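Residue-level structure breakdown
As a plain string of letters, each chain reads:
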Amino acid sequence: MIVSLRGVVSSLGEDYVVIDVNGVGYQVFTPEPQHQALNTELFLHTVMVVRDDSFTLYGFSENAWCGLFRNLMKVSGIGPRLALSILSTMSPDSLRQAVLGERPELIRRVPGVGRKSAEKIVLELRDKLGDDLATLPSTSLSASDVEVMDALTALGYSLAEAQAALQALPPDSPDDVEVRLRLALQFFS
């Protein structure tokens, strides 16, 4: 079982990196391959998925992502590719908040996840992450923040980017949707 890799990034793909570890190249599927640079050292925590026809590595910068990835794969109908797509689109915090707040509509924004799958993820992850979720602060989104998030994702930003923009808003910003959207858009400039 390969649980971590440290090596030099020798190649990048749309959804993977190739890490050269002492002359052996490992292809590792990761949520953020575009954030890596060629010929730089990289350390990834990995999850190895064994199928009849392949051994596939999925890598994450933090070990907590590995646990979340494994829990996503335990949800019936969610395989490693869809679990990776979810973690590529949503940050672990936004996924946890969607599960904690019982908001499957946030998960439905992930390409390939329909209404039933999103509801199943919320239901099954809530059971699997019960203790973890209890320790998180309750950070439910206000109605205006949901509208701002909808607008940002409609403009092409990912859920993770939209959440980061919302978190960057000053605490004293007004609750008006237009003002909050304007401030959130300033985050990206």
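Residues numbered from 1 in each chain as written. Predicted model: local features only at pLDDT ≥ 70, side-chain atom pairs only at ≥ 80, totals over all residues. Heavy atoms only, no water.

Turning to the overall build of the protein, a few remarks are in order. Of regular secondary structure, the protein possesses 9 helices and 5 strands. The linear arrangement of helices and strands in the protein, starting from the amino end, is β-β-β-β-β-α-α-α-α-α-α-α-α-α. Radius of gyration (C-alpha) of the protein: 18 Å, near the 16 Å computed for a compact globule of 189 residues. Projected onto the principal axes, the alpha-carbon positions of the protein cover approximately 55 × 40 × 30 Å. (Helix = DSSP H or I, 4+ residues; strand = E, 2+ residues; numbered from the N terminus. Rg over C-alpha atoms; globule rule 2.2 N^0.38 Å.)

The subject of this paragraph is the pairing of strand S2 (residues 16-21). In the sheet, strand S1 (residues 4-12) pairs with S2 via 4 bridges, with the strands oriented antiparallel. Within S2, the residue paired with valine 8 across the bridge is aspartate 20. Hairpin connection, S2 to strand S3 (residues 24-29): the antiparallel pair is bridged by 2 residues, and asparagine 22 has positive phi, about 50 degrees. (Pairing = 2+ DSSP bridges.)

So, about the packing of helix H3 (residues 92-100) against helix H5 (residues 115-128). Contact pair H3 / H5: the axes reach a minimum separation of 9 Å and the direction vectors enclose 95 degrees. By the angle class used here, H3 and H5 are roughly perpendicular. Across the interface between the two elements, Leu95, Ala98, Val99 and Leu100 from H3 touch Val122, Leu125 and Arg126 from H5. Classifying every residue of the contact of H3 with H5 by side-chain character gives 6 nonpolar, no polar and 1 charged. (Axes fitted to C-alpha atoms, helices over the stretch in contact; angles between N-to-C directions. Parallel < 35°, antiparallel > 145°, perpendicular 65-115°, else oblique. Contact = heavy atoms within 4.5 Å. Nonpolar A, V, L, I, M, F, W, Y, C, P; charged D, E, K, R; others polar.)

Here we take up the packing of aromatic side chains. Using the criterion set out here, one finds 7 aromatic pairs in the structure. Ring centres 5.9 Å apart and planes at 65 degrees place the aromatic pair tyrosine 16 and phenylalanine 29 in the edge-to-face group. Residue tyrosine 16 is found in strand S2, and its partner phenylalanine 29 is found in strand S3; the two are separated by 13 residues along the sequence. The exposure class of phenylalanine 29 is buried, given its relative accessible area of 9%. Taken together, the ring pairs in this structure connect Tyr16, Phe29, Tyr58, Phe60, Trp65 and Phe69 into an aromatic cluster. (Phe/Tyr/Trp six-rings, centres within 6.5 Å; stacked < 30°, edge-to-face > 60°. Buried < 20%, exposed > 50% of the residue type's maximum accessible area, 1.4 Å probe, protein only.)

With that settled, the discussion passes to the packing of helix H1 (residues 63-74) against H5. Each pair of packed helices can be summarised by the angle the axes make with each other and by the distance between the axes. Look at H1 against H5: their axes get within 9 Å of each other, and the N-to-C directions meet at 125 degrees. The pairing of H1 with H5 is recorded here as oblique in orientation. Where H1 crosses over H5, the two elements pack in a sense that is right-handed. Contacts between H1 and H5 involve Asn71, Leu72 and Lys74 from the former and Ile121, Glu124, Leu125 and Lys128 from the latter. Residues that form the contact of H1 with H5 fall into these classes: 3 nonpolar, 1 polar and 3 charged. (Left-handed = near helix turned anticlockwise from the far one by under 90°.)

So, about the environment of phenylalanine 29. Residues phenylalanine 29 and leucine 57, spaced 28 residues apart in sequence, show a C-alpha to C-alpha distance of 6.2 Å. If we skip the residues at most four places from it in the chain, phenylalanine 29 touches Asp15, Tyr16, Thr56, Leu57, Tyr58, Gly59, Arg81 and Leu84.

Over its 14 residues, H5 extends 20 Å from the first C-alpha to the last, a length consistent with the 20 Å expected when each residue adds 1.5 Å. Every buried residue of H5 is listed here: Ala118, Ile121, Val122, Glu124 and Leu125. (Expected span 1.5 Å × (residues − 1).)

Let us look at the pattern of salt bridges. Counted according to the given criterion, the structure contains 7 salt bridges. Ionic pairing is found between glutamate 102 and arginine 126, a salt bridge with its closest N-O pair at 3.5 Å. Here glutamate 102, found in the loop between H3 and helix H4 (104-107), pairs with arginine 126, found in helix H5; they are 24 residues apart in sequence, far enough to count as distant. In this structure arginine 126 comes out as partly exposed when scored by relative accessible area, which is 31%. Of the charged contacts in the structure, one is a salt bridge between arginine 180 and aspartate 145, with a shortest N-O distance of 2.7 Å. Taken together, the residues arginine 180 in helix H9 (residues 177-187) and aspartate 145 in helix H7 (residues 143-154) connect sequence positions 35 residues apart. Judged on exposure class, the residue arginine 180 and its partner aspartate 145 are both buried. (Salt bridge = Lys/Arg side-chain N within 4 Å of Asp/Glu carboxyl O.)

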